[in-house]
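Single-letter residue listing:
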Amino acid sequence: MLREDFIYPEGIYLDGNSLGLASRSSIKTIENRLKEWQTLAVNGWASWFGLSESLSTDLAQLVGAMPEEVITTGSITTNLHALLATFYKPTDTKKYIVATTLDFPSDLYALQSWTQHYGTELRLISSRDKYTLTDEDIEEAFQDDVALILLPTVLYGSGQLLDIKRYAKRAQEKNIILGVDAAHSIGALPHDFHDWNADFAVWCSYKYLNAGPGACGGIFVHEKHFHRIPALKGWWGHQKHTVFEMRPYFTHEPGAAAYQISTPSILALAGLEGSLKEFKKVNILDIRKRSLELTTYLMELIDQHLPELEIVTPRNEERRGGHVSVRHAHAHLLSLALRARNIVPDYRSPDILRMAPVAFYNTKLELDETVRVLRELLDNQGYMKFQDNVTDVV
Ligand SMILES: Cc1ncc(COP(=O)(O)O)c(C=O)c1O
């Protein structure tokens, strides 16, 4: 789509769902911010102060929110802690947190911190097939004694896309706070967090947003919650125009910006500053269209040429995120063997090989070649020689 805007490494890169590639515009914005540091030193804060807020209008478009409802800050797990501190207020009759067994572990660790803190309990919705969740099982978990539910938009393992609109409606009916982890959907597909009435969301910028390793994450807080005062306060969330009056008491910035805690890394913000320029060149609906075209094509190729690999990603486009996951007993060895051939997928324990054809930069020809190499590796069992390296490489 805009492949020439990206610095493409040698070989075939199918791991944009873990770390997106560097765009030329991100490199440029990072270099510019570095230059400012070198030439302006502390005077650089004249343009760095408020940099996070300046990204909100473009970011809001990607999650379907008002600019005040989003802010670039922190990272997923730390942001989740900040939001849980504010939104999770268990009572005697409404006290449980619900998540799923297929969630990214760090989210579950954060949730456990808070249930342990309050002496309550984390309930997990389990999967019937180890890879996906059913609407019935998810909805069943919306019980009256539940205070908060956290769901991912897209499951990091199988790539299943969940129907957040449907669950947000259910959450409202049951007076439950719904939080969302959009790590595997932001930048890959459209969202409508405001209209869906999700209560809050978190995401990172290093996957489909291509903002760079360790780039700043982001949060969404629905405007209906703007009256809340963040439980974890820091000076960066203080009302901006009075923050340097150094008052002893906290007056929060209106909106999601109130949840910022500390000085952000300007270099980490600069990567996102550049990558958002790429997202202004194309409509997110076109990105989604291209992504589905590529994942459908890859699934067809796998069906045709690689019957040993079981596709665990939903076939239904409405239920598919941006990557395709296949199950194989030697998935880890296959991922190592592909990397040795300069094709970069990734592996998730215990038996999943993930491949993300990214709308911005991957092509169908690359998918043809990946499937051809996989066929060869399966035929000659060339992956078995990586057995001894299994603990060395991720
Ligand atoms: C779905 C999901 N949630 C949470 C995380 C953890 O992110 P962070 O390291 O930014 O806290 C990841 C990391 O890849 C993830 O994929």
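Worth saying up front: this structure is predicted, and the values here are computed from it rather than measured.

### Some thoughts on the UniProt feature "modified residue: N6-(pyridoxal phosphate)lysine" (unreviewed entry) in the protein chain
Okay, step 1: According to UniProt, the positions carrying the feature "modified residue: N6-(pyridoxal phosphate)lysine" (unreviewed entry) are Lys207.
Okay, step 2: Mapped onto the fold, Lys207 is located in the loop between strand 7 (200–203) and strand 8 (218–221).
Okay, step 3: Given a relative accessible area of 10%, Lys207 falls into the buried group.

### A look at the sheet that holds strand 10 (residues 324–327)
Okay, step 1: The sheet built from 4 strands is open, its strands ordered 9-10-13-12 with antiparallel pairing. One side of each edge strand has no neighbouring strand; the edge strands of this open sheet are strand 9 (310–311) and strand 12 (346–348).
Okay, step 2: Bridge analysis of strand 9 against strand 10 gives 2 bridges, and the strand direction is antiparallel. Its bridge partner being in strand 10, Glu310 is matched across the sheet by Arg327.
Okay, step 3: Each of strand 12 and strand 13 (352–355) is contacted by helix 12 (residues 331–340), which is oriented at about 40 degrees to strand 13, the strand it contacts most.

### Some remarks on the site of the ligand
Okay, step 1: All residues in the neighbourhood of the ligand are listed as Ser75, Ile76, Thr77, Phe104, Asp107, Asp181, Ala183, His184, Tyr206 and Lys207.
Okay, step 2: The contact in question runs from an oxygen atom of the ligand to an N or O atom on the side chain of Thr77, over 2.5 Å.
Okay, step 3: For the ligand, whose unbound accessible area comes to 400 Å², protein coverage reaches 82%.
Okay, step 4: Broken down by class, the residue content of the shell around the ligand amounts to 4 nonpolar, 3 polar and 3 charged.

### Notes on the packing of helix 4 (residues 56–63) against helix 10 (residues 266–281)
Okay, step 1: Contact geometry of helix 4 with helix 10 gives a least axis separation of 10 Å together with a crossing angle of 55 degrees. Of the possible angle classes, the one that applies to helix 4 and helix 10 is oblique. For the element pair helix 4 and helix 10, the recorded crossing hand is left-handed. For the pair formed by helix 4 and helix 10, the contact residues are Asp58, Leu59 and Leu62 on the first element and Leu276, Phe279 and Lys280 on the second.

### Things to note about the pairing of strand 13
Okay, step 1: Neither face of strand 13 is open: one carries Ile352 and Arg354, the other Leu353 and Met355, and all of them are buried.
Okay, step 2: Where strand 10 and strand 13 come together, 4 bridges link them in antiparallel fashion. Bridging across to strand 13, Ser325 finds its partner in Arg354.
Okay, step 3: Note that strand 12 and strand 13 share 3 bridges and pair antiparallel. From the neighbouring strand, Asp346 faces strand 13, where its bridge partner is Arg354.

### Here's the deal with the sheet that holds strand 5 (residues 146–152)
Each strand in a sheet pairs with another by means of backbone hydrogen bonds, the pair being arranged parallel or else antiparallel.
Okay, step 1: The strand order across the open sheet built from 7 strands is 2-8-7-6-5-3-4, with neighbouring strands paired in mixed fashion. Each edge of the open sheet carries a strand with a single partner, namely strand 2 (70–72) and strand 4 (122–125). The mean angle between the axes of side-by-side strands here comes to 20 degrees, regardless of whether they run parallel or antiparallel.
Okay, step 2: Two elements, strand 7 and strand 8, share 4 bridges in a ladder whose sense is antiparallel. Bridge pairing links Val202 to Ile219 in strand 8.
Okay, step 3: Each of strand 5, strand 6 (177–181), strand 7 and strand 8 is contacted by helix 5 (residues 76–87), which is oriented at about 165 degrees to strand 7, the strand it contacts most.

Criteria and cut-off values
Residues numbered from 1 in each chain as written. Predicted model: local features only at pLDDT ≥ 70, side-chain atom pairs only at ≥ 80, totals over all residues. Heavy atoms only, no water. UniProt positions renumbered as here; feature names shortened; annotations may be inferred. Helix = DSSP H or I, 4+ residues; strand = E, 2+ residues; numbered from the N terminus. Buried < 20%, exposed > 50% of the residue type's maximum accessible area, 1.4 Å probe, protein only. Pairing = 2+ DSSP bridges. Contact = heavy atoms within 4.5 Å. Axes fitted to C-alpha atoms, helices over the stretch in contact; angles between N-to-C directions. Near = heavy atom within 4 Å. Polar contact = N/O pair within 3.5 Å; in protein donor to acceptor, adjacent residues only side chain to side chain. Areas by Shrake-Rupley, 256 points an atom, 1.4 Å probe, with all protein chains shown as cover. Nonpolar A, V, L, I, M, F, W, Y, C, P; charged D, E, K, R; others polar. Parallel < 35°, antiparallel > 145°, perpendicular 65-115°, else oblique. Left-handed = near helix turned anticlockwise from the far one by under 90°.

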